[in-house]
Amino acid sequence: MNTLPPSETLEAAARSSEQLHRLRAMLDAILPANAFYQRKLTAAGVTQGRDIATFDDYAQLPFTSKRELSENQAATPPYGTNLTFPTARYVRMHQTSGTTGRPLRWLDTEESWTWFGASWAEVFRAAGVGANDSIFFPFSFGPFIGFWTAYEGARQLGAMALPGGAMSSEQRVRAIVDHQATVVVSTPTYALRLAEVADRIGVDLAASDVRVTIHAGEPGAGIPGTKRRIEEAWGATCFDHAGATEVGAWGFECGAHAGMHLNEAEFICEVIDPDTDEPAEEGELVLTNLGRVGMPVIRYRTGDHVRLAAGPCECGRTFRRLAGGVIGRIDDALLVRGVVVFPSAVESIVRLFPDVGEFAIHVRRTGELDQLTVQVEAPMGPRDGPTTDAVADALREALGLRVAVEAVAAGTLPRFDLKARRVTDHRRPNPDRIEDAVT
Ligand SMILES: [Zn+2]
């Protein structure tokens, strides 16, 4: 294994000291100029970096929420007041995918863009990807930050970046083969979709040059059954990664495949109980980025539900790890008959069945009772019964909840190019569904 840089192997005390040093420098840069954080931090009694001497001081800083940032941008369009410099200093604009409300716009300076790309280069390095690799991005490069930063990370690494925008899935499969790509970066859902398309057009991806796949945007690469399925289809090693438009590329998986590392050289990371705001082993991930001074987030509630893994990692990094990566978005947790169900928990079971293709989750209320139904693309005919029964038994066992499983014909459920939307909660009004809006 390559020698790790010292920043990745610091002991706890040195790590804390380094993080506080970086934080104080950032506070000194943003407090005089950034109206959003000047107001928040001054109200908390912090007027200069020196006011944060310890992590106890840090823990007194107010949280930042996505709603707060969104309201700030709505009140002061187009970018809000979380800006440390005049807009002329910024070189990149991206926005969130807007799956939960109004898209959040985010600006980067030359320095912060380089910083974001460097975090992605770290994702690549941890996956054993280097300057000799050719990295294919089957992604429509639009305003969503998605894999733009991975593209920048590939440049910093000295690897070949192959853009896959404005192509059909079939064209992307052929481009991967033609260019002899060795690495593919996508959502886990889309990796499986490309494998399905390749199979249909008679291309064996397992025989291609692809040796590493890296996935972000949703849980999946951290779910053993999904990971195995991707690895088998691609004949490659699959790595999980997590990041966010407004935060940065904060998590990566190393060659030990023992969960997702938090990049604690560039982010201060906390896990809290979202109800009490107290530190917890499992709960909401809260992050401060240390290198995005132009538009930072401080104690930002990511909305990601995570669980800390115990013990050191055999790779030698001292960065803590998340068991199973991001378990799900807190907003996506379904409460069904008193049981909290993350869609990833359903996926982790469904993917164990090789006969099952895509799946969809429906929650309905019949009378006083909630019913969770999982539709699975499974072979029809005589084998249908055993498959759906087996999936239902496994789901009941894992979730502690009776789940109805319905088989549907292969290829009939929706396919997704980016993040999958497999869950429909019919109990919640959904503006996209008129029948729900009127009930
Ligand atoms: Zn590791």
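Enquirer: How should I be thinking about the coordination of the zinc ion in this particular structure?
Expert: In a perfect tetrahedron of four donors around a metal, the angles come out at 109.5 degrees. In a perfect octahedron of six, they are 90 or 180 degrees. Only C254 (SG), H261 (NE2), C313 (SG) and C315 (SG) from the protein reach the zinc ion as donors, at distances of 2.1 to 2.3 Å. Coordination at the zinc ion is tetrahedral: its 4 donor atoms span angles of 105 to 114° at the metal. By relative accessible area, H261 is classed as buried at 0%.

Enquirer: It is not clear to me how the pattern of salt bridges should be interpreted in this structure. Could you clarify?
Expert: Two side chains with opposite charge may pair up if their charged atoms get near one another. The tally for this structure, following the rule as stated, stands at 28 salt bridges. For E196, the salt bridge identified is with R415, shortest N-O distance 2.4 Å. With E196 in helix α8 (residues 188–200) and R415 in the loop between β19 (403–408) and β20 (423–425), this pair connects stretches of sequence that are 219 residues apart.

Enquirer: Is there a simple way to explain the sheet that holds strand β3 (residues 134–137) in this structure?
Expert: Neighbouring strands of a sheet are bound in pairs by backbone hydrogen bonds; such pairs are parallel or else antiparallel. As summarised here, the arrangement of the 8 strands in space is β4-β3-β5-β6-β7-β8-β9-β13, forming an open sheet in which the pairing is mixed. Each having just a single partner strand, β4 (160–163) and β13 (321–322) make up the two edges of the open sheet. Across 2 bridges, strand β8 (residues 248–252) lies against strand β9 (residues 260–262) in antiparallel orientation. Among the inter-strand pairings, G251 is bridged to a residue of β9, identified as L262. Running over the sheet, helix α9 (residues 224–234) touches β5 (183–186), β6 (212–215) and β7 (237–244) and is turned about 125° from β7.

Enquirer: Please explain the pairing of β8 as it appears in this structure.
Expert: Across a regular strand the side chains alternate sides, sitting on one face of the sheet and then on the other. With respect to burial, β8 is a largely interior element, 5 of its 5 residues being buried. Where β7 and β8 come together, 3 bridges link them in antiparallel fashion. Across the sheet, residue H241 finds its bridge partner in β8, namely F252. Turn length for the β7-β8 hairpin, with the two strands adjacent in sequence and antiparallel, is 3 residues.

Enquirer: Would you mind showing me how to read the sheet that holds β20 here?
Expert: Read across the open sheet, the 4 strands follow the order β19-β18-β17-β20; overall the sheet is mixed. The outermost strands of the open sheet, each flanked by one partner alone, are β19 and β20. Mean inter-strand twist for the sheet, computed between neighbouring axes without regard to direction, equals 20°. Looking at chain direction, strand β17 (residues 359–366) and β20 are connected through 3 bridges and run parallel. Residue pairing in the sheet places H362 in a bridge with T424 of β20. On the sheet, helix α10 (residues 343–350) packs against β17, β18 (369–377) and β20 and is oriented at approximately 125° with respect to β17.

So, how was this worked out
- Residues numbered from 1 in each chain as written.
- Predicted model: local features only at pLDDT ≥ 70, side-chain atom pairs only at ≥ 80, totals over all residues.
- Heavy atoms only, no water.
- Donors = N, O, S within 2.8 Å, 3.2 Å for Na, K, Ca; no water.
- Tetrahedral: all angles 85-135°; square planar, octahedral: opposite > 155°, others 65-115°.
- Buried < 20%, exposed > 50% of the residue type's maximum accessible area, 1.4 Å probe, protein only.
- Salt bridge = Lys/Arg side-chain N within 4 Å of Asp/Glu carboxyl O.
- Helix = DSSP H or I, 4+ residues; strand = E, 2+ residues; numbered from the N terminus.
- Pairing = 2+ DSSP bridges.
- Contact = heavy atoms within 4.5 Å.
- Axes fitted to C-alpha atoms, helices over the stretch in contact; angles between N-to-C directions.

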